[in-house]
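Examining the three-dimensional arrangement
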Amino acid sequence: MNLTFNELCDLLWIAAKETFTMVSWSLLAAILFGTIIGLFLYLTANRFFFKNKIINQIAGFIVNATRSIPFLILMVAVLPAGFYLVGTSIGPKAVIFPLAVAAIAFYARLAENAFSQVDNGVIEAAIASGASHYRIIIGILFPEAFAQLVRHATVTVISLIGYSAMAGIVGGGGIGDLAIRYGYQRYVTEVLIICIVILIIIVQVLQFLGDTFADHLDKHKH
Amino acid sequence: MINIPLIQVKNVSVTFQSKKQTIHAVKDVTFDVYEGDIFGIIGSSGAGKSTLVRTLNRLADPTSGEIDVNGVNIATLSGKALQNFRFKMGMIFQNFNLAASKTVYENIAFVLKAAGKKGEAVKSRVQELLTLVGLSDKADAYPAELSGGQKQRVGIARALANDAKILLCDEATSALDPQTTTAILELLKQLNRDFKLTIVLITHEIDVIKKICNRVAVMSNGKIVELNDTFALFSQPQQAFTQSFLNVDENTLLPDNIKNNVKGTLIRLRYIHENATQPILYQSAQLTHVEFNILHGFIEYFNDRALGNLVVELIGKPDNIQALIQLLKDHDVIIEDIS
């Protein structure tokens, strides 16, 4: 089976839009909720804030449990729940929910790590200065962790592109799905190769942008 | 006028529960700090001084005992009251602990805003503080662009931002070279003099104590083993631990072969007060017909007070030597036979 150039372009364009939809929404959810959960994990583990071993371990267990499920299995397991949220269990929209769940858990751990890399001495100095916890979190913790949060968001978005390739299982579409359907199932090797090249370019560009931004934020530190 | 201590530490103990054992970091410590004091706590690492100084601003809480600051039991403070209390008690650290993502200006502005200052008030106060610590041209620099001494000056400006009356120093000069240490100590002295700033500092550096503290507590294994004013502590240490820890006589230890070849009586003289600067030894030796041979010695100055330490060999008739020693004792010279 041969595709005309125009047909190929259409297929790629649609696939790219689907990948963008899936990855951008789930990334947004990951950054939003993952940061909050990561902050929660950090605050309940740090003696300068609200150290609570039991609550921290429960929260940590939930995050780890989510992360330990392979994405393919997580996706089919949570799709029914996603059905209630987005009204469908097929297509890119349906895949956003499982992608978001996986990405939130992934980013939560990375965000916690970014916060705990902030020098405890700087936090201690802020406490000693009489600043409130809220002010320290907003005014010290976030700015100090920001570059690292950006780096971790880059890692997350690249993992998300990988996960989104599995979305084809539930008709999610996207570039990865295109590669499987045409390149693997229909033996159109050109499509497979083009998809691989596009994915490599996207990942390289994202990595470059993420690193550049993070380095810009870090430029005063060393 | 009754002089009420600004800080009263009463029978404070701090214990930590680690997985396997209970650690007694501070054991039943009691001392007072008066307004205008530069109070030093010296001890080797692990002596508990870091924990002790943190109990003063509630970064650590005592397991038992009580701390009063300005007559208020600080264990009763919480929330807004604790914040207000901390605004008036600044702290500086060995590693400076400045936020790396903030400029010098932003680091200081942060604590001013934390105390509710806004807009112009923040701006002018930051400038005032930077001028005070000699960094008025560094407002827009990031900590990474500053030297250690400059970072500590920012730390001091930040600590005093909200008109702190007390400054806690946690090994504040331990990461600095000797010249920078001297400059920072001079600044602390000046702040103490000009603003009646009360300073509580912990250190393992004997020089820091000698240079600026008026009162000192020597700490070992969580306990205060000796507490006195600085001059008295160095001139007449009461405890063996203090004597060895402060290295009081180390500078005048004689090499063994010299010591073995000494024929006369070997004594150590410790001059205190103004007699350190008088020719007492020469005059007394002439009167008693004893010859002396100086083998080692130095004079140290603590602010305006001199402390002399001499090791001499006395040659003469035993009676005359006894007479000389008595004469020196009459002049308040402390004599120790070390032959």
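Residues numbered from 1 in each chain as written. Chains lettered and ligands numbered in written order. Predicted model: local features only at pLDDT ≥ 70, side-chain atom pairs only at ≥ 80, totals over all residues. Heavy atoms only, no water.

**A few points about the overall build of chain A**
Here is the rule we go by: Under the DSSP-based scheme used, a helix requires at least four consecutive residues in state H or I and a strand at least two consecutive residues in state E, with every element numbered from the N terminus. Any two residues whose heavy atoms approach within 4.5 Å are treated as being in contact. Each accessible area value is a Shrake-Rupley result obtained with a 1.4 Å probe; residue values ignore everything except the protein chains displayed when judging cover. Charged residues are defined narrowly, with Lys and Arg counted positive, Asp and Glu counted negative, and His plus the chain ends left uncounted. By convention, the point assigned to a charge is CZ for Arg, NZ for Lys, CD for Glu and CG for Asp.
Of regular secondary structure, chain A possesses eight helices and zero strands. Mapped from its N terminus to its C terminus, chain A presents α and β elements in the order α-α-α-α-α-α-α-α. Taken along its principal axes, the extent of the C-alpha atoms in chain A is 70 × 40 × 25 Å. When contacts within chain A are restricted to residue pairs at least 6 apart in sequence, long-range pairs at least 24 apart make up 76% of them. Here chain A displays about 11,500 Å² of accessible surface, and carbon together with sulfur accounts for 70% of that area. Taking the average place of the 13 positive charges on the side chains of chain A and the average place of its 12 negative ones, the gap between the two points comes to 9 Å.

**Description of the overall build of chain B**
Applicable threshold: Note on classification: 1.4 Å probe, protein chains only; a residue is buried when its accessible area is under 20% of the maximum for its type, exposed when over 50%, partly exposed between these limits.
Scanning chain B for helices and strands turns up twelve helices and 14 strands. With respect to the three principal axes, the spread of C-alpha positions in chain B is 80 × 50 × 45 Å. Taking all 339 residues of chain B together, 51% fall into the buried category. Here the analysis covers contacts within chain B between residues at least 6 apart in sequence; of these, 69% occur between residues at least 24 apart. As presented, chain B carries roughly 16,000 Å² of accessible surface, and 48% of it is formed by carbon and sulfur atoms. Across chain B, 35 positive and 36 negative side-chain charges occur, with their mean positions spaced 9 Å apart.

**Description of unusual backbone geometry**
Residue and element names in this part refer to chain B. Positive phi, normally seen in glycine, also occurs at R58, with a value near 65 degrees. Here R58 lies in the loop between α1 (49-55) and β4 (64-69). One non-glycine residue, D332, lies in positive phi territory at about 65 degrees. Among the structural elements, D332 can be located in the loop between α12 (318-330) and β14 (334-337).

**Comments concerning the confidence of the model for chain B**
Let me state the cut-off plainly: Predictor confidence is given residue by residue as pLDDT, running from a minimum of 0 to a maximum of 100.
On average, chain B scores 91 in pLDDT, and the residues at 70 or more come to 97%. What the predictor reports for the complex is a pTM of 0.89 with an ipTM of 0.88.

**Points about the sheet that holds strand β7 (residues 166-170) of chain B**
Residue and element names in this part refer to chain B. We count it as follows: Pairing between strands is defined by DSSP: at least two bridges between the two strands are required. For helices, the fitted axis covers only the stretch in contact; all axes are lines through C-alpha atoms, and the angles between them, taken along N-to-C directions, range from 0 to 180 degrees.
Within the open sheet, the six strands sit side by side as β6-β7-β8-β3-β9-β10. Their pairing is mixed. Among the strands making up the open sheet, the edge pair consists of β6 (89-93) and β10 (223-229). Put simply, the sheet's adjacent strands are angled 15 degrees from each other on average, direction ignored. In this structure, strand β9 (residues 215-220) lies alongside β10, joined through six bridges in antiparallel fashion. Its bridge partner lying in β10, A217 is registered against L227.

**A look at the side chain of B:N97**
Assignment of secondary structure puts B:N97 in the loop between β6 and α3 (104-114). B:N97 gets classed as buried once you look at its relative accessible area, which sits at 6%. Contacts of B:N97, omitting those with residues within four sequence positions, involve A:D119, A:G121, A:V122, A:A125 and B:R158.

**Here we look at the nonpolar core**
Among soluble globular proteins, nonpolar side chains are generally buried collectively. As a reminder of what qualifies: By nonpolar core we mean a set of buried residues, namely Ala, Val, Leu, Ile, Met, Phe, Trp, Tyr and Cys, connected to one another through side-chain atoms within 4.5 Å.
In terms of nonpolar packing, the biggest core is built from 132 residues, with A:I123, B:I7 and B:I108 touching the most fellow members. It is helix α4 (residues 91-116) of chain A that provides the largest number of residues to this core, a total of eleven residues. The residues touching B:I108, leaving out its near neighbours within four places in the chain, are B:V126, B:L129, B:L130, B:V154, B:A157, B:R158 and B:A161. Counting residues in hydrophobic clusters, the runner-up holds 15 residues, among them B:Y271, B:L310, B:V333 and B:I335.

**Let's talk about α4(A)**
All names here are of chain A. Condition: Helices are assigned an expected span. That span is 1.5 Å times one less than the residue count. Fitting axes to the seven residues that end at a residue and to the seven that start at it, the angle between those axes gives the bend at that residue.
Spanning 26 residues, α4 covers 38 Å between terminal C-alpha atoms, matching the ideal 38 Å at 1.5 Å per step. Along α4, the sharpest kink reaches roughly 25 degrees, centred on F97 and followed within four residues by the proline P98. In terms of burial, α4 is largely enclosed, as 20 of its 26 residues are buried.

**Examining the packing of aromatic side chains**
Rules: Only Phe, Tyr and Trp rings are paired, with Trp represented by its six-membered ring, and only when their centres lie within 6.5 Å; those with planes under 30 degrees apart are stacked, over 60 edge-to-face, the remainder tilted. Comment: the charge-over-ring label is applied if NZ (Lys) or CZ (Arg) is within 6 Å of the ring centre and within 35 degrees of the ring normal.
According to the stated counting rule, one finds eleven aromatic pairs over all chains in the structure shown. Summarising the aromatic geometry, the rings of B:F31 and B:F39 are spaced 4.9 Å apart at their centres and angled 10 degrees between planes, so their arrangement reads as stacked. Across this residue pair, the class does not change: B:F31 and B:F39 are buried. Judged by centre distance (5.7 Å) and plane angle (85 degrees), the ring pair of B:F231 and B:F302 falls under edge-to-face. Placement of B:F231 in helix α8 (residues 230-235) and of B:F302 in strand β12 (residues 291-302) is noted, with a sequence separation of 71 residues between them. Considered together, B:F231 and B:F302 belong to a single accessibility category, that of buried residues. One residue, A:R186, lies across the ring of A:Y182, its end atom 4.2 Å from the ring centre.

**Focus: helix α7 (residues 175-185) of chain A**
Within the sequence span of α7(A), burial applies to A:I175, A:G176, A:D177, A:L178, A:A179, A:Y182 and A:G183. Where α7(A) is buried, its residues touch α1 (5-43) and α8 (189-218) of chain A.

**Topic: a positive patch on the surface**
Let me state the cut-off plainly: Only residues whose relative accessible area exceeds 30% and that form no salt bridge enter a patch; like-charged residues are grouped when within 9 Å of one another, and nonpolar side chains (Val, Leu, Ile, Met, Phe, Trp, Tyr) when within 5 Å. What makes a salt bridge here is a side-chain nitrogen of Lys or Arg within 4 Å of a carboxyl oxygen of Asp or Glu, nothing more.
A grouping of A:R47, A:K51, A:K53, B:K19 and B:K20 is seen on the molecular surface, where their side chains present a positively charged patch. For A:K51, the location among the structural elements is in the loop between α1 and α2 (53-68). Owing to a relative accessible area of 56%, A:K51 belongs among the exposed residues under this scheme.

**Observations regarding a nonpolar patch on the surface**
All names here are of chain A. Together, I193, V197, I201, V205, F208 and L209 make up an exposed nonpolar region whose accessible area comes to about 570 Å². Within the secondary structure, I193 sits in helix α8. Here I193 falls in the partly exposed class, since its relative accessible area comes to 49%.

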